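Residues per chain are reported as follows:
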Amino acid sequence: MEDTAAGGGLFAGIWWVLQNFAMAFYNLGYAITHPASWLDWSNKESVMRFVYYGGSVELFFVAFTFFLVIFAVGVWKREFLWKVVIGLEFMHNSIGRFFAWAGLLMVLQQVVIVFIQRIFARPDIVIGFGIPVGFDVSWWGEELKLYNAMVVALCLTYTFVQGGHVRVDLVYSAISFRAKRMIDMIGSMIFMIPMAVLIWLYTWFFLWRGLIVPNPSASNRLEQLVAKARIMKWNVETIGPSPNGFNAYFLFKVLMVVMIGLIFIQAWTFFYRSYLEWVEGPESEGKYADNDVLEAGEEPYDHAEF
């Protein structure tokens, strides 16, 4: 009896997965052809549908099926998959290179804050042409954290593409090229993608609990959220740690969601590149990679000399 129940449960699970893969095409088509049902935020029910689908099983299978179809086509025609890899890595590099300038902006703004506070003894900073925008100096000081968050969240996948993350290598360097690529593919599937999905589910609802009331939950079904639309109100989190401090902390939550989305896409990009290099052999290592090159005199110092 137990074996029969286990077999029935396994069959039901496989059938559920196949159904969701099949429905992914319908769900994607419906979302594209009926954008007002989830993008018309003047309608509270549309907002609730957006909240639900953003952390739903349907979205996961749409994304998973989309990337699997790309991979299937790429297995048949490798030139297509290389173009996908080039395009996605270009996207990650472009985002990272652009938002890396937030570090410079952070330094410049800190210098201005020091001058305003210590030299001009002003309690606020006003910026504007025609219509000035002014905030307390403490607001600008706390807002520096946003630049730091931009660098961390939006340059993370760029750093991954550039191979800049710290790695602890116990086995990897001693195995063959194709074995390395196999480990990379397996790691993408069983570590990067599941991790990204789990963190996405947490951060997605963490974001929306700071934007609307009543608070949505990952356990809510679509019907439950739509029913709550009647009493839904926007309640954007604007409370800072100090009275006159930075009051747009919901932006940090937005950055978290964007970061996890980029990680999910980069996991597939890394899987595609690893597969292509595994198929084509060692001569394809780093093929079409757009890596930054340091010019003479730009090498970082390993240690400071006094």
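The structure we're discussing is the one just above.
Residues numbered from 1 in each chain as written. Predicted model: local features only at pLDDT ≥ 70, side-chain atom pairs only at ≥ 80, totals over all residues. Heavy atoms only, no water.

> I'd like a rundown of helix α5 (residues 78-99), residues and numbers included.
Between the first and last C-alpha of α5 there are 32 Å, a value that for 22 residues agrees with the 32 Å anticipated at 1.5 Å per step. Taken residue by residue, α5 has Leu81, Trp82, Val84, Val85, Leu88, Glu89, His92, Asn93 and Gly96 as its buried positions. In an axial view of α5, the angular spread of the buried residues amounts to 160 degrees, which keeps them on one side of the axis. Among the exposed residues of α5, those pointing more than 90 degrees away from its buried face are Glu79, Lys83, Phe90 and Phe98. Check the buried side of α5 and you find it contacts α4 (57-76), α7 (137-154), α8 (156-161) and α11 (250-280). (Helix = DSSP H or I, 4+ residues; strand = E, 2+ residues; numbered from the N terminus. Expected span 1.5 Å × (residues − 1). Buried < 20%, exposed > 50% of the residue type's maximum accessible area, 1.4 Å probe, protein only. Arc of directions from axis to C-beta. Contact = heavy atoms within 4.5 Å.)

> Tell me what's going on with the environment of Ile119, and back it up with residues and numbers.
With respect to the secondary-structure elements, Ile119 resides in helix α6 (residues 102-119). Remark: the alpha-carbon pair of Ile119 and Val161, spanning 42 residues in sequence, is separated by 43 Å.

> Describe the environment of Leu156, naming the residues involved and giving the relevant values.
With respect to the secondary-structure elements, Leu156 resides in helix α8. The class of Leu156 is partly exposed, set by a relative accessible area of 26%. C-alpha separation for the pair Leu156 and Leu276, spaced 120 residues apart in sequence, amounts to 23 Å. Beyond its immediate sequence surroundings of up to four residues, Leu156 is in contact with Val151, His165, Met259 and Ile263.

> Which residues make up the packing of α6 against α7, and what are the values?
Between α6 and α7, the least distance of the axes is 9 Å, while the angle of their chain directions is 165 degrees. Considering their axes alone, α6 and α7 lie roughly antiparallel with respect to each other. When the axes of α6 and α7 are compared, the crossing they make is left-handed. Along the contact surface, α6 presents Ala102, Gly103, Leu105, Met106, Gln109, Gln110, Ile113, Ile116 and Gln117, while α7 presents Val137, Trp140, Gly141, Glu143, Leu144, Tyr147, Asn148, Met150 and Val151. Per-class residue counts for the contact of α6 with α7 are 11 nonpolar, six polar and one charged. (Axes fitted to C-alpha atoms, helices over the stretch in contact; angles between N-to-C directions. Parallel < 35°, antiparallel > 145°, perpendicular 65-115°, else oblique. Left-handed = near helix turned anticlockwise from the far one by under 90°. Nonpolar A, V, L, I, M, F, W, Y, C, P; charged D, E, K, R; others polar.)

> Tell me what's going on with the packing of helix α9 (residues 177-208) against α11, and back it up with residues and numbers.
Contact pair α9 / α11: the axes reach a minimum separation of 8 Å and the direction vectors enclose 160 degrees. Considering the angle they form, α9 stands roughly antiparallel to α11. For α9 against α11, the interelement crossing comes out left-handed. Broken down by class, the residue content of the contact of α9 with α11 amounts to 28 nonpolar, five polar and six charged.

> So what's going on with the environment of Arg167? Which residues, and what values?
With respect to the element layout, Arg167 can be found in the loop between α8 and α9. Of the residues examined, Arg167 reaches a relative accessible area of 55% and is grouped as exposed. When the C-alpha atoms of Arg167 and Phe191 are compared, they prove to be 15 Å apart, with 24 residues separating the residues in sequence.

Interpretation in functional terms is not warranted from these geometric data alone.
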